[in-house]
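Listed below, chain by chain, are the residues.
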Amino acid sequence: QQQVKQSPQSLIVQKGGIPIINCAYENTAFDYFPWYQQFPGKGPALLIAIRPDVSEKKEGRFTISFNKSAKQFSLHIMDSQPGDSATYFCAASMSGGSNYKLTFGKGTLLTVNP
Amino acid sequence: DAGVIQSPRHEVTEMGQEVTLRCKPISGHNSLFWYRQTMMRGLELLIYFNNNVPIDDSGMPEDRFSAKMPNASFSTLKIQPSEPRDSAVYFCASSPELAKTDTQYFGPGTRLTVL
């Protein structure tokens, strides 16, 4: 059972565009929602994360929008650059104590053309 | 600062052989995770250690897989005997005290090919 559904599988935008990647979750006990960025040949790296007490979090050109009632969250990349081309994974977990387990989406391959 | 170190980076072996993957977590981190990444199944958590103790191995696919963490700076993931369907990229990740942070730091991965 896939608990975090991510879409689209792949996305191509032009430089300066605003790619949007969406994730939906099923488990209402999830309370931590990170996005990881992975470049070819590298391990995933934490990009930005949100907790459900806020509806939006922004770090530089990256923004997470969170809709608790719809059980959805999304990543927006403002003024996208070719260097943003990577695979992006959303994830969810129940944070704290022994509730560590990150459940990942299947990933979105983003290509930003120059 | 050195991040999570994994070795080897690439491993090619024949079906039936034993494979051992190695991981050195970031110094001071007390949680360690082993993940497997494939196109079909994405990133899957195999096992999690906290303070060198295995906490949850429910993701380990079958008895052919085993993992150990003999000390705070070293962990191994062993597959014996290996099968072609084990071909994947295996990541190790570590985290500081999980009660205070959820961030996991991933290594560069080991690409395993079982012929």
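Residues numbered from 1 in each chain as written. Chains lettered and ligands numbered in written order. Predicted model: local features only at pLDDT ≥ 70, side-chain atom pairs only at ≥ 80, totals over all residues. Heavy atoms only, no water.

## Some words on the interface of chain B and chain A
How big an interface is tends to be stated in terms of accessible area lost as the parts join. Filter applied, for reference: Whether two residues touch is decided by their heavy atoms; if any such pair falls within 4.5 Å, the residues are in contact. In this description, buried area is defined as the sum, over both parts, of the accessible area (probe of 1.4 Å) that is lost when the two are combined. Under this definition, polar contacts are N or O atom pairs within 3.5 Å; protein pairs additionally need one hydrogen-donor-capable and one acceptor-capable atom, and for neighbouring residues in sequence, both atoms have to be side-chain atoms. To qualify as a helix, a DSSP run of H or I must reach at least 4 residues; to qualify as a strand, a run of E must reach at least 2; elements of each kind are numbered from the N terminus. Under the scheme applied, nonpolar residues are Ala, Val, Leu, Ile, Met, Phe, Trp, Tyr, Cys and Pro; charged residues are Asp, Glu, Lys and Arg; polar residues are all the others, including Gly.
Residue-level contacts link 21 residues of chain B with 19 residues of chain A. Between chain B and chain A, the buried area comes to about 1600 Å², and carbon and sulfur atoms account for 56% of it. It is L43, D102 and F106 of chain B that lose the most area in chain B upon contact with chain A, and together they represent 34% of the buried surface on that side. The interface formed by chain B and chain A contains 4 residue pairs in polar contact (both at pLDDT 80 or more). Broken down by element, the residue count for the side of chain B that touches chain A peaks at 4 residues, all from strand β5 (residues 42-50) of chain B. Class assignment for the residues of the side of chain B that touches chain A results in 11 nonpolar, 6 polar and 4 charged.

## Remarks on the sheet that holds strand β6 (residues 56-59) of chain A
Sheet strands line up and pair through hydrogen bonds in the backbone, either parallel or antiparallel. All names here are of chain A. Here is the rule we go by: Strand pairing is defined by DSSP finding a minimum of two bridges between the two strands. Lines fitted to the C-alpha atoms define the axes, with helices restricted to the stretch that makes contact. Angles between their N-to-C directions range from 0 to 180 degrees.
In space, the 5 strands of this open sheet follow the order β1-β3-β8-β7-β6, with antiparallel pairing throughout. Bordering the open sheet on either side are β1 (4-7) and β6, each of which pairs with just one other strand. Here the average twist between neighbouring strands, direction ignored, is 15 degrees. When strand β7 (residues 62-67) meets strand β8 (residues 72-77), the two strands line up antiparallel, connected through 6 bridges. Along β8, the bridge assignment pairs F62 with I77.

## Comments concerning the pattern of salt bridges
Residue and element names in this part refer to chain B. Put simply, the test is: The term salt bridge refers to a side-chain nitrogen of Lys or Arg lying within 4 Å of a carboxyl oxygen of Asp or Glu. Under the scheme applied here, a residue whose accessible area is under 20% of the maximum for its type counts as buried, over 50% as exposed, and between as partly exposed, the area being computed with a 1.4 Å probe on protein chains only.
Using the criterion set out here, one finds 10 salt bridges over all chains in the structure. Of the charged contacts, one joins R64 and E62 as a salt bridge, the two residues approaching to 2.8 Å between their closest N and O atoms. Note on R64: relative accessible area 10%, which makes it buried. In this structure, E83 engages R64 in a salt bridge whose closest nitrogen and oxygen atoms are separated by 3.5 Å. In this pair, E83 is assigned in the loop between β8 (74-79) and β9 (88-95) and R64 in the loop between β6 (53-56) and β7 (65-71), connecting sequence segments 19 residues apart.

## Description of the side chain of Q6 of chain B
Residue and element names in this part refer to chain B. On the secondary structure map, Q6 appears in strand β1 (residues 5-7). By relative accessible area, which is 5% here, Q6 ends up buried. There is a polar contact of 3.0 Å between the side chain of Q6 and the backbone oxygen of Y90. Only 3.0 Å separates the side chain of Q6 from the backbone nitrogen of C92, close enough to count as a polar contact. Apart from residues lying up to four places away in sequence, Q6 is in contact with R22, W34, Y90, F91, C92, G107, P108, G109 and T110.

## A word on unusual backbone geometry
Across the junction of S7 of chain A and P8 of chain A, the peptide omega takes the value -5 degrees, indicating a cis bond. A cis geometry characterises the amide bond from Q80 of chain B onward to P81 of chain B, with omega recorded as -5 degrees. In this fold, P81 of chain B is placed in the loop between β8 and β9. Even without glycine at this site, K71 of chain A takes up a positive phi of about 55 degrees. With respect to the helices and strands, the residue K71 of chain A is situated in the loop between β7 and β8. Accessibility expressed as a relative area gives 28% for K71 of chain A, which makes it partly exposed. A positive phi angle is found at N52 of chain B, which is not glycine, with a value near 75 degrees. Within the element layout of this structure, N52 of chain B appears in the loop between β5 and β6.

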